[in-house]
Amino acid sequence: MLAENGRSGADLLAALARLKKADLPVRGGKVTAYVYDTGRPEVHEVAARAYLEMLEVNGLDPTAFPSIVALEKDVVGIVAAKLGGSPATPGIFTSGGTESIILAVKAARDAAGVDRPRIVAPVTAHPAFHKAAHYLGVELVAVPVDTTTFRADPAAVEAALTDRTVLVVVSAPSYPQGVIDPVAEIAALAAARGIPCHVDACVGGWLLPWMRDAGHAVPPFDLSVPGVTSLSCDLHKYGYAPKGASVLLFADEALRRHAYFASAGWPGYTIINSTVQSSKGAGPLGGAWATLHAVGAAGYRDLAAHAVTAARRLIEGVAEIPGLRVLGTPDASLVALASDDPRLDVFVLSDKARAHGWFIQPQLSFPGIPANVHLTLTGVSLTGVDALLDILAKAAAEAIEAGPVEVPADLVALLADLDLDTVDDAGFAGLLAAVGADLEGDGPMEMGMVNAVLDALPAITREALLIRFLSALYRTRA
């Protein structure tokens, strides 16, 4: 409840500290997803100060706050110049990869102006494209990838193109297995049909060019590739900026204008938006700008080299851990691990690693791709990669000793046939508790059973259950 009188700042900050005790740590590299750490506290400090400096500046009206125009031009120009463009390349600063992707799909849809538009994307493309299609009334056609390399199949992409296709998607790299799609080949196929091609470089866009500078072989993937018409790059990933920072680049101004929205057909003030949001704090923009300039080119080269070296060391070390193998040949510093040993359940491994203080992200199986765990290595990971390998070996041995999760067949059948509309959030929370996911527990949940159950269900059922999970998690109790 809201107190009648305001609480002191010290009291509120202490309350926040208590609430955060159960959170995963955002520094140190023990969380191999969600957070990106330079290992340089001075960079995080200046970014936080710049974020606070811009906290109350409203990005709704750039004519009222010209500082946001200057900052955005600088940030977009820096990113474009490193990704096949120039400081004059048109772009938009957004709140994250999903917003960048939504705007890229909107721009392509509006530029094409066709009935029942479609986008073609590999099955490994980020779900943000499905979300964009859902929000924007576009059909998404998912095409298979090579089940050995996990890269997009150009022939499958070409076969899916029709007169209704308004956008083709490739990833650099795709998140699940960390591999780069054949961007040049697929962009050329799209260009031959007059179809725009978007490169989702959200996770790798601010890593791959610095890897190249450090001497690693990186295939062409950016705006310099003929046929690439837009590209998304998250600065809150390997740019190490505070969350809420992404850049969407366009090959030409006309396509960027299709991403914008304007409204003057009402009695109030005129609306012109470059992003999905209207009012928005400029804190993330200030934080991203400060981070870019604080790290500098030499810093990003070093961070990229450290992340990739850590990933290579991880890949080499995993080869010595019985039961584990790397999926595909990662191109950057994202690595997925699977098991061919029926005694080693990767979902159990994830829980065991969590018990030792490390978060390793589980990924459900997909046709042709086994269940696996995902690790994102960052600039700080090199100092901890040997410890990570020790934890993986220990967690793998413990998972083998514990054995795979035994999923009751009747539970899977029940969930597959369950009419979720007949169950309220409290009832669903009780169902979760029965499979080991107690939403009211104090410590981290053991998710092995939950993930095993989800893995046994079709995607549409998984999605319905995940929505109910979120609803139950956020339910208000009297």
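Summary of the structure given here.

Rules and cut-offs
- Residues numbered from 1 in each chain as written.
- Predicted model: local features only at pLDDT ≥ 70, side-chain atom pairs only at ≥ 80, totals over all residues.
- Heavy atoms only, no water.
- Phe/Tyr/Trp six-rings, centres within 6.5 Å; stacked < 30°, edge-to-face > 60°.
- Helix = DSSP H or I, 4+ residues; strand = E, 2+ residues; numbered from the N terminus.
- Buried < 20%, exposed > 50% of the residue type's maximum accessible area, 1.4 Å probe, protein only.
- Pairing = 2+ DSSP bridges.
- Expected span 1.5 Å × (residues − 1).
- Arc of directions from axis to C-beta.
- Salt bridge = Lys/Arg side-chain N within 4 Å of Asp/Glu carboxyl O.
- Axes fitted to C-alpha atoms, helices over the stretch in contact; angles between N-to-C directions.
- Parallel < 35°, antiparallel > 145°, perpendicular 65-115°, else oblique.
- Contact = heavy atoms within 4.5 Å.

What about the packing of aromatic side chains?
Working step 1: Counted under the stated rule, the structure contains 7 aromatic pairs.
Working step 2: Ring centres 5.1 Å apart and planes at 75 degrees place the aromatic pair Tyr 36 and Tyr 238 in the edge-to-face group. With Tyr 36 in the loop between helix H1 (9–19) and helix H2 (41–53) and Tyr 238 in the loop between strand E6 (228–234) and strand E7 (246–250), the pair connects residues that are 202 residues apart, well separated along the chain.
Working step 3: Look at Tyr 36 and you get buried, because its relative accessible area is 9%.
Working step 4: On the numbers, 5.7 Å between centres and 70 degrees between planes, the contact of Trp 266 with Tyr 269 is edge-to-face.

Regarding the pairing of strand E1 (residues 91–94)
Here is the key point about a regular strand: its side chains alternate between the two faces of the sheet.
Working step 1: Neither face of E1 is open: one carries Gly 91 and Phe 93, the other Ile 92 and Thr 94, and all of them are buried.
Working step 2: Sheet topology places E1 next to E7; 4 bridges connect them, and they run antiparallel. Looking at E7, one finds that Thr 94 is bridged to Ser 246.

Notes on helix H16 (residues 459–473)
Working step 1: When the terminal C-alpha atoms of H16 are compared, their 21 Å separation across 15 residues agrees well with the 21 Å that a helix rising 1.5 Å per residue should span.
Working step 2: When H16 is considered as a whole, its buried residues turn out to be Thr 461, Arg 462, Leu 465, Arg 468 and Ala 472. Along the axis of H16, the buried positions cluster into a sector of 130 degrees, meaning they face one direction only. Away from the buried face of H16 by more than 90 degrees, exposed residues Ile 460 and Ile 467 are located.

Details of the pattern of salt bridges
Working step 1: As enumerated under the stated definition, the model contains 14 salt bridges in all.
Working step 2: Here Asp 213 ties to Lys 82 by a salt bridge, and the two come within 2.5 Å at their closest N and O atoms. Taken as a pair, Asp 213 in helix H8 (residues 208–213) and Lys 82 in helix H3 (residues 66–82) lie far apart in primary sequence, 131 residues in all.
Working step 3: The class for Asp 213 is partly exposed, based on a relative accessible area of 38%.
Working step 4: A salt bridge links Arg 462 to Asp 455; its shortest N-O distance comes to 3.6 Å.

Quick notes on the packing of helix H14 (residues 425–434) against H16
Working step 1: One way to put it is that H14 packs onto H16 with a least axis distance of 9 Å and a crossing angle of 110 degrees. In terms of orientation, H14 and H16 fall into the roughly perpendicular class. On the side of H14, the interface is formed by Asp 425, Phe 428, Ala 429 and Leu 432, while H16 contributes Leu 465, Arg 468, Phe 469, Ser 471 and Ala 472.

Observations concerning H3
Working step 1: With 17 residues, H3 extends 25 Å from end C-alpha to end C-alpha; this agrees with the ideal 24 Å at 1.5 Å per step.
Working step 2: For H3, the set of buried residues is Ile 68, Leu 71, Glu 72, Val 75, Val 76, Gly 77, Val 79 and Ala 80.
Working step 3: Tucked into the core, H3 has its buried residues touching E1, E6, E7 and helix H10 (283–318).
Working step 4: Phi for Gly 84, located one or two positions after H3, is positive at around 85 degrees.

Some words on the sheet that holds strand E3 (residues 139–143)
Working step 1: Spatially, the 7 strands line up as an open sheet ordered E1-E7-E6-E5-E4-E2-E3, and their pairing is mixed. What marks the edges here is a single partner per strand, and that holds for E1 and E3. Each strand of the sheet is rotated relative to its neighbour by a mean of 20 degrees, with strand direction disregarded.
Working step 2: Inspection of the sheet shows E6 paired to E7 by 5 bridges, in the antiparallel sense. Considered in E7, the bridge of Cys 233 is made with Val 247.
Working step 3: Strands E1, strand E2 (118–122), strand E4 (165–171), strand E5 (197–200), E6 and E7 of the sheet are contacted by helix H4 (residues 97–112), whose axis makes an angle of about 25 degrees with E7.
Working step 4: Lying on the sheet, helix H7 (residues 183–192) is in contact with E4, E5 and E6; it crosses E4 at an angle near 175 degrees.

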